[in-house]
Amino acid sequence: MGIIVENVSKQFGSFQAVNRVNLEIKSGSLVALLGPSGSGKSTLLRLIAGLEMPDTGKIWLTGKDATNQSVQQRNIGFVFQHYALFKHMTVKQNIGFGLEIRKAAKAKIKSRVGELLDLVQLSGLGDRFPSQLSGGQRQRVALARALAVEPEVLLLDEPFGALDAKVRKDLRAWLRRLHDEVHVTTVFVTHDQEEAMEVSDEIVVMNKGNVEQTGTPAEIYDHPATAFVMSFIGPVNVLPSNSRIFQEHGFDSAHPEMFLRPQDVIVDTTPNGTTVPARVNRLIHLGWEIQVELSLDDGQMVTAHLSRERFDQLNLEPQQRVYVKPKDAKSFPLYYSI
């Protein structure tokens, strides 16, 4: 078994950080806790780690009730955003620190540190100090140190948040490969939707202390359960449901708003009976796709994403008259907020 969070709540003063959360994380999986600031994701991670105690509910780790266990008793590896490495220790000493505290044999420490240096691709750097490493390398050392004691669960609190975009992307791919090798049940906190979708087996979307939806990246993106999930995961146009773009194409909703992904906006240069006229305001080249900012005749603003191939076919220019229609759109009964 992995992790079970059962009806857990946590309040700080008048602020409800986590509100009666129920969650099951499968053994050996890599799960992202995703949400905006203040959604409760870091608090939930700290509750699993034992760094905070729940006001209500229970936490089960590998089939055992860990609610009242100390951090040390839970056999958890924890990696912080800012590494928390010991500056006066070498890479080898940092990685082996947990084993030394547990009074492991020197031969075992040396062997385990060597294995982990290979695993995190830092062989040959064991005698360096943290100040002699790049940010990405320091984060790998932090991960190796967490893995050294062979934890049953690995928790990562925004592990790549302090790194630049290129290093973050490289480390995301590396973390996925690392997980596939070690198969430790892993939970990581992030507010980066792309990071969550690229790395995780499952995503837990949190908002205002509640779990809005749990599912695979594909399920979360293609079948959002709430307006909040759809608005938070990926770009979206939010338009009145009575907008002409929906009426002309047969979309009917009892709810006041419709949610339309930019890639689901079909753009053409000639009308075909179900399209509505629009004008190109701006073209933004994003490399592999083109973002087209449009204004409809009713004053509504719509963003479309086109492949380079489709953009070249249309040969669009700013201020050009075009015709658009939705390929797909969704509506939800409850008002959303971020």
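Quick caveat: nothing in here was measured; it's all calculated off a predicted structure. (Residues numbered from 1 in each chain as written. Predicted model: local features only at pLDDT ≥ 70, side-chain atom pairs only at ≥ 80, totals over all residues. Heavy atoms only, no water.)

Inspection of every chain in the model, using the stated rule, returns three aromatic pairs. Here phenylalanine 228 and phenylalanine 232 contribute two aromatic rings whose centre-to-centre distance is 5.5 Å and whose plane-to-plane angle is 10 degrees, an arrangement assigned as stacked. Of this pair, phenylalanine 228 and phenylalanine 232 both sit in helix α8 (residues 227-232), separated by four residues, roughly a single helical turn. Comparing phenylalanine 228 with phenylalanine 232 shows no difference in burial state: the two are buried. Their ring planes at 80 degrees and their centres at 5.4 Å tell us that phenylalanine 259 and phenylalanine 332 sit as a pair that is edge-to-face. Here phenylalanine 259, found in strand β12 (residues 257-260), pairs with phenylalanine 332, found in the segment after β17 (321-326); they are 73 residues apart in sequence, far enough to count as distant. A relative accessible area of 2% places phenylalanine 259 in the buried class. We classify phenylalanine 332 as buried; its relative accessible area is 11%. The side chain of arginine 140 reaches across the aromatic face of tryptophan 174, ending 5.0 Å from its centre. One residue, arginine 261, lies across the ring of tyrosine 221, its end atom 4.2 Å from the ring centre. (Phe/Tyr/Trp six-rings, centres within 6.5 Å; stacked < 30°, edge-to-face > 60°. Helix = DSSP H or I, 4+ residues; strand = E, 2+ residues; numbered from the N terminus. Buried < 20%, exposed > 50% of the residue type's maximum accessible area, 1.4 Å probe, protein only. Lys NZ or Arg CZ within 6 Å of the ring centre and 35° of its normal.)

Another aspect to go through is the packing of helix α4 (residues 135-148) against helix α5 (residues 165-182). As a packed pair, α4 and α5 sit with axes 11 Å apart at the nearest point and diverge in direction by 25 degrees. Taken together, α4 and α5 sit at an angle that is classed as roughly parallel. Judged by the twist between their axes, the crossing of α4 over α5 is right-handed. Contacts between α4 and α5 pair Gly136, Gln139, Arg140, Leu143 and Leu147 from the former with Val167, Leu171, Trp174 and Leu178 from the latter. (Axes fitted to C-alpha atoms, helices over the stretch in contact; angles between N-to-C directions. Parallel < 35°, antiparallel > 145°, perpendicular 65-115°, else oblique. Left-handed = near helix turned anticlockwise from the far one by under 90°. Contact = heavy atoms within 4.5 Å.)

Coordinates in, geometry out; function isn't part of it.
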